[in-house]
Amino acid sequence: MPFKTFRPKRYLLLISFVLIFIAGCNPFVSISTLEKIQQRDEIVMGTINGTLTYSYEGSQYSGFDYELGEKFAEYLNVNFKVKEYDSLITLFSALKEGKIDFIGAGLTLTPERAKKYKSSPPYYYVSQQVVYYKGTYRPKNIEDIAEPIAVLEHSSHLETMKGLLDQAPDLQIEIQKNEDQESLLRQVANKEIKFAVV
């Protein structure tokens, strides 16, 4: 039996072809979020009911964020679906769990949120306001507020109020869970709370 010589170049070439073939057959290749949306032919926006961002009356949807989401779906040539949530915590949980593709709810990009989420460029600007019942004590600055001030849990307003504690260490923050801005305004109107930030 003749002795065969070992040819490393030939074996390296064979191993390279096998590895390339195996890599090409990899079933674990990840696809982008956009590709997933296009494959299922639907983009899902999570939101919270609010007159400016999203509302539903009778058979008519409206709101700035709703209309932007609808136009985005048209641009992608996919169907548009809206899922409504009751609070910011459930809204962000849905995004984290992949139940929705994006949030359209007029949210402020805070430094804390910027660490966790990607955001579009701002498309409108709002300012936070302290609200109180008409005809009652009107505070001139944050140090004048001697009563608890209500803010929504997980809101940009809460981050703002926490940032003001150095300036006003006696500030009492009342965190409202499972509420929205309209319910805060309603509580002020019904004199259930004296101050709120919206």
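As the structure is a prediction and not an experimental result, all values here were calculated from the model.

Calculation criteria
- Residues numbered from 1 in each chain as written.
- Predicted model: local features only at pLDDT ≥ 70, side-chain atom pairs only at ≥ 80, totals over all residues.
- Heavy atoms only, no water.
- Helix = DSSP H or I, 4+ residues; strand = E, 2+ residues; numbered from the N terminus.
- Buried < 20%, exposed > 50% of the residue type's maximum accessible area, 1.4 Å probe, protein only.
- Contact = heavy atoms within 4.5 Å.
- Areas by Shrake-Rupley, 256 points an atom, 1.4 Å probe, with all protein chains shown as cover.
- Pairing = 2+ DSSP bridges.
- Axes fitted to C-alpha atoms, helices over the stretch in contact; angles between N-to-C directions.
- Phe/Tyr/Trp six-rings, centres within 6.5 Å; stacked < 30°, edge-to-face > 60°.
- 1 Å grid on protein atoms, 1.4 Å probe; cavity = no way out; pocket = protein on both sides within 12 Å on 5 of 7 lines; lining within 4 Å.
- Points joined across faces, edges and corners; volume = space filled by probe spheres on them.
- Nonpolar A, V, L, I, M, F, W, Y, C, P; charged D, E, K, R; others polar.
- Arc of directions from axis to C-beta.
- Polar contact = N/O pair within 3.5 Å; in protein donor to acceptor, adjacent residues only side chain to side chain.

Draft legend 1. Quick peek at the overall build of the protein chain. For the protein chain, the count of helices and strands is seven helices and nine strands. Looking at the protein chain residue by residue over its 198 residues, the buried ones come to 28%. Excluding contacts between residues fewer than 6 apart, the proportion of contacts in the protein chain whose partners are at least 24 apart in sequence is 63%. Accessible surface, the protein chain: about 14,300 Å² in total, of which carbon and sulfur atoms supply 55%.

Draft legend 2. A look at the sheet that holds strand 9 (residues 195-197). One open sheet accounts for four strands, arranged 6-9-7-8; its pairing is mixed. Looking at the sheet topology across the chains shown, the edges are occupied by strand 6 (130-132) and strand 8 (173-176). On average, adjacent strands in this sheet sit at an angle of 30° to one another, irrespective of strand direction. Pairing of strand 6 with strand 9, which is carried by three bridges, proceeds in the antiparallel orientation. Bridging across to strand 9, V130 finds its partner in V197. Of the strands in this sheet, strand 7 (149-152), strand 8 and strand 9 are in contact with helix 6 (residues 156-163), which crosses strand 7 at around 135°. Contacting strand 6, strand 7, strand 8 and strand 9, helix 7 (residues 181-189) crosses the sheet at an angle of about 160° to strand 7.

Draft legend 3. View of the packing of aromatic side chains. If you walk through the whole model with that rule in mind, you get six aromatic pairs. Measuring from ring centre to ring centre gives 6.0 Å for Y54 and Y66, while their planes differ by 45°; the resulting arrangement is tilted. Pair noted here: Y54 is in the loop between strand 1 (42-47) and strand 2 (55-57) and Y66 is in helix 3 (residues 64-76), with a separation of 12 residues, a long-range link. A single burial state applies to Y54 and to Y66, both of which are buried. Through pairs of rings, three or more aromatic residues link up here, namely Y54, Y61, Y66 and F80.

Draft legend 4. Seen up close, empty space enclosed by the protein. Counting across every chain of the model gives one cavity of 30 Å³ or more. The computed volume of the largest cavity comes to approximately 50 Å³. S87, L88, I89, L152, E153, H154, Q176, K177, N178 and E179 are the residues that line the largest cavity. Looking at the lining of the largest cavity residue by residue, the class counts come to three nonpolar, four polar and three charged.

Draft legend 5. Representation of helix 6 within the structure. Among the residues of helix 6, S156, H157, L158 and M161 are the ones counted as buried. Against the buried residues of helix 6 lie helix 5 (111-116), strand 7, strand 8, helix 7 and strand 9.

Draft legend 6. Main features of the side chain of Q176. Residue position: Q176 is located in strand 8. Judged by its relative accessible area of 9%, Q176 is buried.

Draft legend 7. Summary view of helix 7. Among all positions of helix 7, only S183, L184, Q187 and V188 are buried. Burial along helix 7 is one-sided: seen end-on, the buried residues are contained in an arc of 145°. Those residues of helix 7 that are buried lie in contact with strand 6, strand 7, strand 8 and strand 9. The opening residue of helix 7, the one whose side-chain oxygen lies 3.2 Å from the backbone nitrogen of E182, is D180. Taken from the residues just after helix 7, K191 is the one with a positive phi, measuring 60°.

Draft legend 8. Up close: the sheet that holds strand 4 (residues 79-84). If you trace the three strands from one edge of the open sheet to the other, you get 4-1-5, paired in parallel fashion. The open sheet has two edge strands with one neighbour each: strand 4 and strand 5 (102-103). Looking at chain direction, strand 1 and strand 4 are connected through six bridges and run parallel. Across the sheet, residue G46 finds its bridge partner in strand 4, namely K83.

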